[in-house]
Number of protein chains: 2
Amino acid sequence: MALIVQKYGGTSVGTVERIQNVARRVKKHRDGGDQVIVVVSAMSGETNRLIALAREISETPDAREMDVLVTTGEQVTIALLSMALKQMGCDARSYTGGQVHIRTDSAHGKARITEIDDMRVRADLDAGRVVVVAGFQGIDEKGNITTLGRGGSDTTAVAMAAALKADECQIFTDVDGVYTTDPRVEPKARKLDRITFEEMLEMASLGSKVLQIRSVEFAGKYNVPLRVLSSFEEEGEGTLITLEEEGVEAAKISGIAFNRDEAKLTIRGVPDEPGVAYKILGPIGEANVEVDMIVQNISNDGTTDFTFTVNRGDFDKAQGILQATADALGAREVVGDDKIVKLSLVGVGMRSHAGIASKMFECLSKEGINIQMISTSEIKISVVVAEKYLELGVRALHEAFELDQE
Amino acid sequence: MALIVQKYGGTSVGTVERIQNVARRVKKHRDGGDQVIVVVSAMSGETNRLIALAREISETPDAREMDVLVTTGEQVTIALLSMALKQMGCDARSYTGGQVHIRTDSAHGKARITEIDDMRVRADLDAGRVVVVAGFQGIDEKGNITTLGRGGSDTTAVAMAAALKADECQIFTDVDGVYTTDPRVEPKARKLDRITFEEMLEMASLGSKVLQIRSVEFAGKYNVPLRVLSSFEEEGEGTLITLEEEGVEAAKISGIAFNRDEAKLTIRGVPDEPGVAYKILGPIGEANVEVDMIVQNISNDGTTDFTFTVNRGDFDKAQGILQATADALGAREVVGDDKIVKLSLVGVGMRSHAGIASKMFECLSKEGINIQMISTSEIKISVVVAEKYLELGVRALHEAFELDQE
């Protein structure tokens, strides 16, 4: 008998009929002998409806009250799903975040889970009940309702799985698993049976938006086996996200991620003194602009060039700040380009296999794609190229690393 | 500085605009120096929308989950109202029934309040905040969400007022107070400035649906001054419901209540033996039919006639049961009439003033209205008459007892 946590998102529970479908699916698992905890989001559209009501009152509604408001969305779903399960003869009980004691800090709208008391849930599971938990929400020390931020239901599911030492945490989404790259760009993209937490983190943060990144971090930290599945297909094993140890090291490369939402800025001819990086990036961070890649080469004649990328939406703002910094530091010039993309090769195999970077650069060079920036980590190589090369680059790399083959 | 509890029903908070109106009203009180606790219902239509979702899943949805579902309605309102107050610069904080520790028994859908922990609320009030509480809901000992039954927000308001020893509990409704009778029947009906709890109970249970009867019982028991006010008029003192002591004894009669929703049944020629009343009414009660008036006259030749009234909707069912009882007891016959109404004269003055019953009967007799049944209590005289005499009877009594005059 396994203990499984299943998470269904807003689209999967978007109508009463879909909630009944979820109930049938949950019941099938339960009937198969597994203990099941189900975490659900608000019915799709509901959270936006509630936010719109708040916006009628204030452009910046009170954060505490916003959490009181939007958490009703998941509360509706847990009640309806539990009713549907009971109606099918499958005993079930619903819990809000507060009721199941998902303790968080007090950061309304983006709280972090600090503790879960699993007593009540265990008693229900032992009594043969399916436990239905409202995703995305918790309570702080003083009993105030908090939310984990949008999409936080994934995090709730993983946290429940960790607290109860579940055998698997299954995230049902509108895709049937994690792919080697975006199938809309490369039709030969192949679904991965397995991927490591680290690879998944690199894939997710690089723009493959299958899972909430925090939930993957959480799963990795507590070693909760995580599976991504389609909520609309009855069959299919999805993609299992696990620790490296479990036999995935044979694969050199898992996939190719990309991010269209980037722009790069370079400050040229900065005097190369200690603290210059801070002087350049400090004002950018203070303006709440997130910086992604940062590249600084060795200095030349006492000056250096410093390049970084930001979200495309922050390009103008960042450029203005950087120009002021350049003037203050006596730098030669500021140049920028918002027609770039980032391509990343991700795979734990890089650790033990040499020559992957050079193979990547060779492949891009053969296609005549100029590389503007390079940044590497243990399991990832990212390059910045002109936007127009995105599709060509992804397909060339996909083929070069034989990602369409098992 | 007074402590006031205000309760606004679903119509008063039916739109964001109306919620903002309520906020303005609350702020005015707060600015005037009073401490204010606001109890609110779900936005009108919301509870029905939620119930409809549940009905799509099951005709008899699980009672526990039904409470989880419908309590989201008030939770939305408390969040929006608190936001609106803060937006106007009036500090406020919302609480669900569970958060404010409104402890109830576990009777889902019709729970009774057992305890209120006023610690958090007091701290907020002392900090100058308006406290916004979700009506109609609580939690049981195990932390399950419960509801007090429909309309139970009045009860929440009175219970909060009792627990915090508030100076007044104000119930805002769509009427501007309690009237001597229904103005739609007697245009001369006059708004009462004051009425006693007991009179209000008789008026409410007899069909003047201004307040939830349980909230009046509660207010009487804990001596919470209760005021009924219009939520749509800025001015007006409404009607204050208090203990008798406070100078209302001068009024002989407070009002005339009536109930159209009655039907009567008589079993004739029942052998008059001990236990006969139980033998007649036992099966009726077992069938969940509520009995209102009961009249049994002295026996005649060892048999008696026994008459009672039921809700008109239960008439056929009750008649069938009664016929079976009549057969078993060897009674002569069963007769019924569902074209009757009950008129009631209510007033604490009856206790100290003789001759009120005879004046009532004289008045009806003058109008040629035949009285079919009479039943009396300490502060009420009820008569059953043919339905067609309802309006005539109400107006005649209203005039005879000079209810249109202060």
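This is a predicted model, so every value here is computed, not measured. (Residues numbered from 1 in each chain as written. Chains lettered and ligands numbered in written order. Predicted model: local features only at pLDDT ≥ 70, side-chain atom pairs only at ≥ 80, totals over all residues.)

## Focus: helix α2 (residues 46–57) of chain A
Residues and elements named next belong to chain A. What counts, and what does not: Note on conventions: DSSP H or I runs of at least 4 residues are helices, E runs of at least 2 residues are strands, and numbering of each starts at the N terminus. Helix span, expected: 1.5 Å multiplied by one less than the number of residues in the helix. Exposed residues have 12 or fewer other C-beta atoms within 10 Å of their own C-beta, buried residues have 20 or more, and residues in between are partly exposed; the C-beta atoms are placed from the backbone. Directions pointing from the helix axis toward each C-beta atom define the arc.
The end-to-end C-alpha distance of α2, which contains 12 residues, comes to 18 Å, matching closely the 16 Å that a straight helix rising 1.5 Å per residue would cover. Listing the buried residues of α2 in full gives Glu46, Thr47, Leu50, Ala54 and Ile57. The buried residues of α2 occupy an angular sector of 100 degrees when the element is viewed end-on, so they sit on one face.

## Structural notes on the relation of the copies chain B and chain A
Going by this rule: Residues reaching a pLDDT of at least 70 in both copies supply the C-alpha atoms on which the copies are superposed by least squares. Residues are treated as contacting if the C-beta atoms built from their backbones sit within 7 Å of each other.
With an axial shift of 0.0 Å and an RMSD of 0.1 Å, the rotation relating chain B to chain A amounts to 180 degrees. This pairing of chains is accounted for by a two-fold axis. For chain B, the residue whose C-alpha comes nearest the rotation axis is Thr72 of chain B, separated from it by 2.7 Å. Looking at chain B, 100% of its interface residues are interface residues in chain A too, so the copies touch through the same face.

## A look at the interface of chain B and chain A
Going by this rule: Only Asp, Glu, Lys and Arg are considered charged in this grouping, and only Ala, Val, Leu, Ile, Met, Phe, Trp, Tyr, Cys and Pro are considered nonpolar; every other residue, Gly among them, is considered polar.
Listed by partner, the interface residues are 27 residues for chain B and 27 residues for chain A. Those elements that place two or more of their residues in the side of chain B that touches chain A are α1 (16–31), α2 (46–57) and α3 (63–87) of chain B. With 14 residues, the single largest contributor to the side of chain B that touches chain A is α3 of chain B. Here the residues of the side of chain B that touches chain A sort into 14 nonpolar, 9 polar and 4 charged.

## Re the environment of Ile195 of chain A
All names here are of chain A. Mapped onto the elements of the fold, Ile195 is located in strand β10 (residues 194–196). In this structure the C-alpha to C-alpha distance between Ile195 and Leu240, which are 45 residues apart in sequence, comes to 6.4 Å. Setting aside chain neighbours within four positions, we find Ile195 in contact with Val178, Met200, Thr239, Ile241 and Ser254.

## Quick look at the environment of Cys90 of chain A
Residues and elements named next belong to chain A. On the secondary structure map, Cys90 appears in the loop between α3 (63–87) and β3 (92–95). Assessed through the 21 C-beta atoms surrounding it within 10 Å, Cys90 is described here as buried. Along the backbone, Cys90 and Arg129 are 39 residues apart, and their C-alpha atoms lie at a distance of 7.5 Å. Excluding its chain neighbours within four sequence positions, the residues that come into contact with Cys90 are Lys27, Arg30, Leu85 and Val130.

## Details of the packing of helix α10 (residues 356–366) of chain A against helix α11 (residues 390–400) of chain A
All names here are of chain A. Note the threshold: Only C-alpha atoms enter the line fits that serve as axes; for helices the fit covers just the stretch in contact. Angles between N-to-C directions range over 0 to 180 degrees. Convention used here: angles under 35 degrees read as roughly parallel, angles over 145 as roughly antiparallel, angles from 65 to 115 as roughly perpendicular, and any remaining angle as oblique. Helix crossings are classified by the rotation of the near helix relative to the far one: an anticlockwise turn of less than a right angle makes the crossing left-handed, while a clockwise turn makes it right-handed.
Put simply, α10 and α11 touch, their axes get as near as 10 Å, and they point 130 degrees apart. Taken together, the axes of α10 and α11 are oblique relative to one another. Between α10 and α11 the crossing geometry is right-handed. When α10 is examined against α11, the residues Lys359, Met360, Cys363 and Leu364 are found in contact with a partner set consisting of Gly393, Ala396, Leu397 and Ala400. Partitioning the contact of α10 with α11 into residue classes produces 6 nonpolar, 1 polar and 1 charged.

## Remarks on unusual backbone geometry
Backbone geometry at Asn223 of chain A places phi at a positive 50 degrees, although glycine is not the residue there. Locating Asn223 of chain A in the fold gives a position in the loop between α7 (213–221) and β11 (226–230). In this structure, Asn288 of chain B is a non-glycine residue whose phi angle is positive, near 60 degrees. Tracing the sequence through the fold places Asn288 of chain B in the loop between α8 (276–286) and β14 (291–296).

## Some words on the domain arrangement of chain A
Formally: In this entry, domain limits derive from an automatic or database-based domain assignment.
Domains assigned within chain A are domain 1 (3–173) and domain 2 (256–400). Put simply, the middle of domain 1 of chain A and the middle of domain 2 of chain A, counted by C-alpha atoms, are 39 Å apart.

## Here's the deal with the sheet that holds β10 of chain A
Residues and elements named next belong to chain A. The test is simple: By definition, two strands form a pair when at least two bridges between them are found by DSSP.
A sheet is described by the order of its strands in space; here 8 strands give the open sequence β3-β6-β2-β1-β9-β11-β12-β10, paired in mixed fashion. Looking along the sheet, the strands with just one partner apiece sit at the ends: β3 and β10. The average angle at which neighbouring strand axes cross in this sheet is 20 degrees, direction not considered. Contacting β2 (35–40), β3 and β6 (130–134), α3 runs over the sheet at an angle of about 165 degrees to β6.

## Details of the sheet that holds strand β13 (residues 255–271) of chain B
Residues and elements named next belong to chain B. Strands sit in the order β14-β15-β13-β16-β18-β17 across an open sheet of 6 strands; the sheet is antiparallel. Every other strand in the sheet has two partners, leaving β14 and β17 (373–377) as the edge strands with one partner each. Sheet twist, expressed as the mean angle between neighbouring strand axes with direction ignored, is 30 degrees. Against the sheet, helix α9 (residues 315–329) touches β13, β15 (303–311) and β16 (333–346), its axis set at about 25 degrees to β13.

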